[in-house]
Amino acid sequence: MKNYIINNHNEIRILFFILFLFLFMYLEKKYPMKDNIKIFSLRLINNFILFFLNIILLKILLPFLAVTFSIYISSNNIGIFNIININTFITLIISLILFDLTIYLQHFLFHKSSFLWKFHRVHHADTDLDVSTGLRFHPVEIFISMLIKFLFITIMGPPVLAVLIFEIILNTSSMFNHSNIFLSNRTDLFIRKFIVTPNMHRTHHSNKFDNQNKNFGFNLSIWDIIFKTHKYYNTENLDNLKIGINEFCSKKELWIHKILLQPFK
Ligand SMILES: [Zn+2]
């Protein structure tokens, strides 16, 4: 079973991606948080073009991605978990938690470094939020993020299955927490005890600097609580937040060529 999953990791990832993409898009249509999303089609088309461009660029630039890289690391017994002998299930859980912490710290770094912010700002410049925003990242950010994953895998030597599960969770949680799905204050407060909700992440996408430096989590919400970067708005106040970056909020900035060149302005 484990070998079957690892041998078919690309197909499994694509299957989960398509399944959750359509599920979240359906929920956005049925229970929208905001039902007046501006320039919807133009945003959606260009965000998806960027997403597919990133897949092609990664394939060209790197000989392998996170799962394939972890197969190599595992088979060569590199990394802490491959040296010390702990129960496989415990290793899997610890790997998933530490992987998530790494992504939290990476996100924090992309906000604090002025060089990295130029690239991460592209993601924040989306003028509204929906599933497609969760796929809108500049190729340089995607590339640096992959190198950070390689570094984590080399140091920790997590099980290959943990890397595959984490890649699926990260992709799914990114689509979920950027989605335009309505959650009542009560549901939101309950879910955000465990994972990052769309309401929680919407605060992070506000055009206000103070809000952008809150709610860095992508999956587990505990990191924002531990590192005191958590901020709560109820749905009524969330509605008044302006989303995006003031300098890049015009319609023409939504086109793919503008998105790609934005960090160099
Ligand atoms: Zn951010």
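Preceding block: the structure.
To keep things clear, this report deals only with the structure shown in the data block. The structure presented is a predicted model; accordingly, all values stated were derived computationally and were not measured.

## Quick look at the overall build of the chain
Next up, step 1: Check the secondary structure of the chain and you find 15 helices and zero strands.
Next up, step 2: Relative to the globule expectation of 18 Å for 265 residues, the C-alpha radius of gyration of the chain, 18 Å, shows essentially globular dimensions.
Next up, step 3: Projected onto its principal axes, the C-alpha positions of the chain cover 50 × 40 × 35 Å.
Next up, step 4: Counting every position in the chain, which comprises 265 residues, the buried fraction comes to 52%.
Next up, step 5: Contacts in the chain between residues at least 24 apart in sequence constitute 76% of all its contacts with a sequence separation of at least 6.
Next up, step 6: Approximately 13,200 Å² of the chain is accessible, and the part contributed by carbon and sulfur atoms is 70%.
Next up, step 7: Looking at charge distribution, the chain has the averaged site of its 26 positive side-chain charges lying 3 Å from that of its 16 negative ones.

## Let's talk about the coordination of the zinc ion
Next up, step 1: Those protein atoms acting as donors to the zinc ion are His107 (NE2), His111 (NE2), His120 (NE2), His124 (NE2) and His204 (NE2), and they sit at 2.1 to 2.2 Å.
Next up, step 2: Donor residues for the zinc ion, ordered by position in the chain, follow H-x3-H-x8-H-x3-H-x79-H. Highlighted residues: His107 and His111, both in helix 6 (residues 88–112), separated by four residues, approximately one helical turn.
Next up, step 3: Assessed through its relative accessible area of 5%, His107 is described here as buried.

## A short note on unusual backbone geometry
Next up, step 1: Located in the positive-phi region is Asn215, a residue other than glycine, with phi close to 50°.
Next up, step 2: Within the secondary structure layout, Asn215 lies in the loop between helix 12 (209–212) and helix 13 (222–226).
Next up, step 3: Positive phi is not limited to glycine here, since Lys228 has a value of about 55°.
Next up, step 4: Mapped onto the elements, Lys228 comes out in the loop between helix 13 and helix 14 (235–238).

## A few points about the nonpolar core
Next up, step 1: If you look at the biggest cluster of nonpolar residues, it comprises 29 residues, and the most contacted ones within it are Phe99, Met146, Ile153, Val163 and Phe166.
Next up, step 2: Those elements giving two or more residues to this core turn out to be helix 1 (2–7), helix 4 (66–75), helix 6, helix 8 (139–156) and helix 9 (160–177).
Next up, step 3: Element by element, the count of residues in this core is highest for helix 9, at eight residues.
Next up, step 4: Beyond its immediate sequence surroundings of up to four residues, Val163 is in contact with Ala66, Val67, Ser70, Phe99, Ile153 and Pro158.
Next up, step 5: Membership of the second largest hydrophobic core comes to 11 residues, among which are Leu21, Leu44, Phe51 and Phe176.

## Here we look at the layout of surface pockets
Next up, step 1: Volume-wise, the largest pocket comes out at about 950 Å³.
Next up, step 2: For the largest pocket, the lining is made up of 33 residues, of which Arg13, Phe51, Leu58, Ile142 and Asn171 are closest to its centre.
Next up, step 3: Secondary-structure elements contributing two or more residues to the lining of the largest pocket are helix 2 (9–30), helix 3 (40–61), helix 6, helix 8 and helix 9.
Next up, step 4: Of the residues in the lining of the largest pocket, the class split is 18 nonpolar, 10 polar and five charged.
Next up, step 5: Computed from the structure, the second largest pocket encloses a volume of approximately 280 Å³.
Next up, step 6: Looking at the second largest pocket, the residues that line it are Met25, Glu28, Lys29, Pro32, Lys34, Asp35, Ile37, Phe40, Leu44, Asp130 and Asn180.
Next up, step 7: Per element, the largest residue contribution to the lining of the second largest pocket is three residues, and it comes from helix 2.
Next up, step 8: Partitioned by chemical class, the residues of the lining of the second largest pocket number five nonpolar, one polar and five charged.

## Re helix 4
Next up, step 1: Taken together, the buried positions of helix 4 are Ala66, Val67, Phe69, Ser70 and Ile73. Summarising the axial view, the buried residues of helix 4 lie within an arc of 155°, below the 170-degree limit, and thus occupy one face.
Next up, step 2: Of the residues one or two after helix 4, Asn77 is the one with positive phi, at around 55°.

## Comments concerning the pattern of salt bridges
Next up, step 1: Under the criterion given, the structure shown has 10 salt bridges.
Next up, step 2: Asp126 is the partner of Arg43 in a salt bridge, and the nearest nitrogen-oxygen pair spans 2.8 Å. Note that Arg43 is positioned in helix 3 and Asp126 in the loop between helix 7 (114–124) and helix 8, a separation of 83 residues in sequence. Residues Arg43 and Asp126 agree in their burial class; the two are buried.

## As for a nonpolar patch on the surface
Next up, step 1: Taken together, Ile80, Ile83, Ile84, Ile86, Phe89, Ile90, Ile93, Ile94, Ile97, Leu151 and Ile155 make up a surface patch of nonpolar side chains, about 970 Å² in accessible area.
Next up, step 2: Residue assignment for the nonpolar patch shows that the elements contributing at least two residues are helix 5 (80–83), helix 6 and helix 8.
Next up, step 3: At five residues, helix 6 tops the list of elements feeding residues into the nonpolar patch.
Next up, step 4: Inspection of the secondary structure assignment puts Ile97 in helix 6.
Next up, step 5: Take Ile97: its relative accessible area is 36%, and that puts it in the partly exposed class.

What counts and how
- All residue numbers refer to position in the chain's written sequence, counted from 1.
- Given that this is a predicted model, residues contribute local features only at a pLDDT of at least 70 and side-chain atom pairs are listed and counted only at 80 or more, while totals for whole chains, interfaces and linings are drawn from all residues.
- Values shown for side chains rest on all heavy atoms present in the structure; no hydrogens or waters enter the calculation.
- By definition, any uninterrupted DSSP run of H or I lasting at least four residues is a helix, any uninterrupted run of E lasting at least two residues is a strand, and each is numbered from the N terminus.
- Restricting the calculation to C-alpha atoms gives the radius of gyration, and the globule rule supplies 2.2 Å times the number of residues raised to the power 0.38.
- The rule is simple: take the accessible area with a 1.4 Å probe, protein chains only, and divide by the maximum for that residue type; under 20% is buried, over 50% is exposed, in between is partly exposed.
- Working rule for contacts: check all heavy atoms of both residues, and any pair within 4.5 Å makes them a contact.
- Calculation of accessible area relied on Shrake-Rupley with a 1.4 Å probe; when residues are assessed, cover is drawn exclusively from the protein chains displayed.
- Residues scored as positive are Lys and Arg, those scored as negative are Asp and Glu, and His as well as the terminal groups of each chain are ignored.
- Throughout, a charge is located at the NZ atom of Lys, the CZ atom of Arg, the CG atom of Asp or the CD atom of Glu.
- Counted as coordinating are nitrogen, oxygen and sulfur atoms within 2.8 Å of the metal, or 3.2 Å for Na, K and Ca, while water is not included, which may make sites look incomplete.
- By convention a nonpolar core is built from buried Ala, Val, Leu, Ile, Met, Phe, Trp, Tyr and Cys residues, the set being connected through side-chain atoms within 4.5 Å.
- Grid points spaced at 1 Å and placed over the protein atoms alone form the basis of the search, with a cavity being a set where a 1.4 Å probe fits but cannot get out and a pocket an open set showing protein on both sides within 12 Å along at least five of seven lines. Lining residues have an atom within 4 Å of a point.
- Grid points are joined across faces, edges and corners, and a volume is the space filled by probe spheres set on the points.
- When residue character is reported, Ala, Val, Leu, Ile, Met, Phe, Trp, Tyr, Cys and Pro are called nonpolar, Asp, Glu, Lys and Arg charged, and the others, Gly included, polar.
- This arc is taken over the directions from the axis of the helix to the C-beta atoms.
- What counts as a salt bridge is simple: a side-chain nitrogen of Lys or Arg found within 4 Å of a carboxyl oxygen of Asp or Glu.
- A residue counts toward a patch only above 30% relative accessible area and without a salt bridge, and it is joined to like-charged neighbours within 9 Å or, for Val, Leu, Ile, Met, Phe, Trp and Tyr, to nonpolar neighbours within 5 Å.

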